[in-house]
Amino acid sequence: MPIPRPAYPHPHFDRSHAWQSLNGTWDFRADPAEQHTAHDADGYDRQITVPFAWETPASGIAAHWLRTAWYRRTFTVPPAWEGQRVVLHFGAVHHAATVWVNGIEVAHHEGGYTPFSADVTDALGDGGHLLTVRVHAPADKRDIVHGKQRSMPRDDYDGVCFTPSSGIWQSVWLTPRPATHLAALRLRPTRDLTGIAVDATVRGPNADAALLHLRVRGEASTVTLNIAADGRAGTELPLADPRLWSPEDPHLYYVDAELTSAHGSDRVTSYTGLRSVTVDGEALYLNGHRLFVRGVLDQGYWPDTGITAPDDAALRRDVELAARAGYNLVRKHLKLEDPRYLHHADALGMLVWAEPASPGSFSPESTARFAEQIEPMVERDGNSPAIVIWGLYNEEWGLDWDIPGDPAKQQAVADAYDRLKALDPTRPAVDNSGWTHVKTDLLDWHYYDESAASWAATVSDLLSGRRDDFPVRLGPDHVVHKKLAVPGQPLRGLPNLNSEYGGGFTGLERAWHLRWQTQELRRHDRLAGYVYTELYDIEHESAGLLDFHRGTKDLAGVDPAHVNAPTTLVLDVTPVAPGRDLLTATREFTVGVRVSHHGTDPVDGILHTAWTPVYAAAPESPGGAVRGCRAEAKPYLLGEPVAVPATLPAGWTSGRLHLALVAEGTVVARTALDVDTRTAMHVGDDPQARPAE
């Protein structure tokens, strides 16, 4: 049987020149009474496929609400590793894992999303070796970090949670290394983006006498460093012809590191990209150029494999699907994602907002467990050039939805922010995404609304400063108004992002909201970006642009790539309802059209129009040019309105007007307007369309 997930699991700390995967078939025993010990040989009556959680069909177990179980397998150590230390690695195990080799306990780890490892050399004998793992995954997850995994008793946010993924859910593998070895290799771009700053950590009995040799692939010279008494070594590696990393050119620099000591040679490869992400007032900048975030939420679930991707291709495909829909950023939601996802984002040029998993309630234990994820998150993933935003808490989850009323919860958020920024000051961080902020680099908010009119009005009020709160519906008859920030956290002078939005229950409704709500966000030059909810459906949650299997859905002719393009058209219309954006008493009407442009140079072109039936996709041709309708915009400044006349074709009572901006023979922006002449019909909350204010 082929080894599942055979690729090297940690591309940012690569020892793939010598390693052994332990993925595949393991013996398995459920232990609901928690009666077994590591030395009991009985009860292993099933087999499980690692690294898939025991709830999943892919694991071969598909057991739900099992709290404790055991894994067992044998392994051998390659003869070529003779004389080296043998290290056992776990990518992630949910939630508490205890590990034995040949009956000797070698590791205990708690935290379902962070990696851990153990030097097992002293537990090895001759020949084959027995590896045993006990995993405890409590049904009551409220005081542990679990992200979107369902808890029993339930979390307050259980309605948006999914089937748990318990047990070993990331790869397990072995590597050899000398007793004196590289423990960490942190790579960051230099401030001037002309080289790579290296910070290495060496561990072992001969650390301060070792030498570290560094070479950037493609560069001529090798740099040799002495190791300080504390095991640290640092330098800057200049580059002869620096090439910046960006979504348009995701160039990666690989650094080969070799540590030599009395114990032998240790080799590790890592990589990074030359890029900077900075905040200047209300704008974000990537490599000194204005960055507008066009993001989408991705929760990292798959139909048959839970929070584990079925294969490496599935991780890459999710990056490609987001890019195909016009997004330049993915927010990996409440989950430290598999490092190989970040590797594909690095290679393909997809920006990432990364964040840890949340607990379900506020307590000293849950606060500590949440904070314990921060350093492993930065240590494991900090070399990734794709990560441009770190997140922390989300909507006060794990804070009992009460930051404004509790100083202790405010302190927990501020402490998490300070801990993160001390580890990595190079990226902006969000303290409590979407709701009341305490200490943050970005002012983001989560606003959902089914009314196009109130959506537009609230967004305008938030961005203009006319209001500093917004409505959040927590139940059918329970609406609260969330403050943007506690006193002391500035409400102005920081980048604003609407980092969750979307509406509707059917694909048609969601596509309609996607089109019009995103348009309203593009109307406001102050906005630094958005994150749409979400890329694909998950179990009962049908909010995705794609279905759970990443298949296409009926979006009523709306192409997300047109909605999320760097250049878009903004219509001065408040739409009424799906299929009836504009109600008009006559076949002839005029619509105001503006250009929103996020390029480096101004854009101008001629507006073209074409008619199709309502819900039809944009025709291949942009249609006919509209006489005198030239539209233009400067970068990040909404263009002035252009009045575009149109006439519904003879005999039609409704139709879809497609509008396209054509510049130098190329279509650079598209949108559409569904028009209906049956004005006597009352539709939705607004009996007739009106110009946006």
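Residues numbered from 1 in each chain as written. Predicted model: local features only at pLDDT ≥ 70, side-chain atom pairs only at ≥ 80, totals over all residues. Heavy atoms only, no water.

Colleague: Talk me through the nonpolar core; I want residue IDs and the actual numbers.
Modeller: With 95 residues, the main nonpolar core has Tyr 327, Leu 329, Val 352, Trp 390, Leu 420, Trp 445 and Phe 470 as its most contacted residues. With near-sequence residues (within four places) excluded, Leu 420 lies in contact with Ile 374, Met 377, Val 378, Trp 390, Leu 392 and Ala 429. Of all hydrophobic cores here, the second largest spans 33 residues; its members include Val 93, Val 99, Val 135 and Leu 174. (Core = buried A, V, L, I, M, F, W, Y, C linked by side-chain atoms within 4.5 Å. Buried < 20%, exposed > 50% of the residue type's maximum accessible area, 1.4 Å probe, protein only. Contact = heavy atoms within 4.5 Å.)

Colleague: I'd like to hear about the packing of aromatic side chains, residue by residue, with values.
Modeller: Per the counting criterion, the structure on display carries 21 aromatic pairs. A ring pair is formed by Tyr 8 and Trp 19, whose centres lie 5.0 Å apart and whose planes are at 85°; its orientation type is edge-to-face. In this pair, Tyr 8 sits in the segment before strand E1 (20–21) while Trp 19 sits in the segment before E1, placing the two residues eleven residues apart along the sequence. Residue class for Tyr 8 comes out buried when judged on its relative accessible area of 9%. Aromatic side chains Tyr 501 and Tyr 532 sit 5.3 Å apart centroid to centroid with 75° between the ring planes, which places their arrangement in the edge-to-face category. Residue Tyr 501 is found in the loop between strand E31 (496–500) and helix H7 (507–522), and its partner Tyr 532 is found in strand E32 (residues 527–532); the two are separated by 31 residues along the sequence. Each member of the pair, Tyr 501 as well as Tyr 532, carries the same accessibility label: buried. Site record: aromatic cluster; members linked through ring pairs are Phe 292, Tyr 447, Trp 455, Phe 470, Tyr 501, Tyr 530 and Tyr 532. Of note, Arg 72 hangs over the ring of Tyr 44, and the distance from its end group to the ring centre comes to 4.0 Å. One Lys or Arg, Arg 522, reaches over the ring of Phe 292 and ends 5.5 Å from the middle of that ring. (Phe/Tyr/Trp six-rings, centres within 6.5 Å; stacked < 30°, edge-to-face > 60°. Helix = DSSP H or I, 4+ residues; strand = E, 2+ residues; numbered from the N terminus. Lys NZ or Arg CZ within 6 Å of the ring centre and 35° of its normal.)

Colleague: Pulling in residues and values, what's your account of the sheet that holds strand E38 (residues 642–647)?
Modeller: Judged by pairing direction, the sheet is antiparallel, and its three strands sit side by side in the order E33-E35-E38 without closing on themselves. With one partner strand each, in any of the chains shown, strand E33 (567–571) and E38 form the two edges of the open sheet. For this sheet, the mean inter-axis angle between neighbouring strands, taken without regard to orientation, is 40°. In the sheet, strand E35 (residues 588–597) pairs with E38 via six bridges, with the strands oriented antiparallel. Bridging from a neighbouring strand, Phe 589 pairs with Ala 646 of E38. With respect to the sheet, H7 is in contact with E33 and E35, its orientation differing from that of E33 by roughly 100°. (Pairing = 2+ DSSP bridges. Axes fitted to C-alpha atoms, helices over the stretch in contact; angles between N-to-C directions.)

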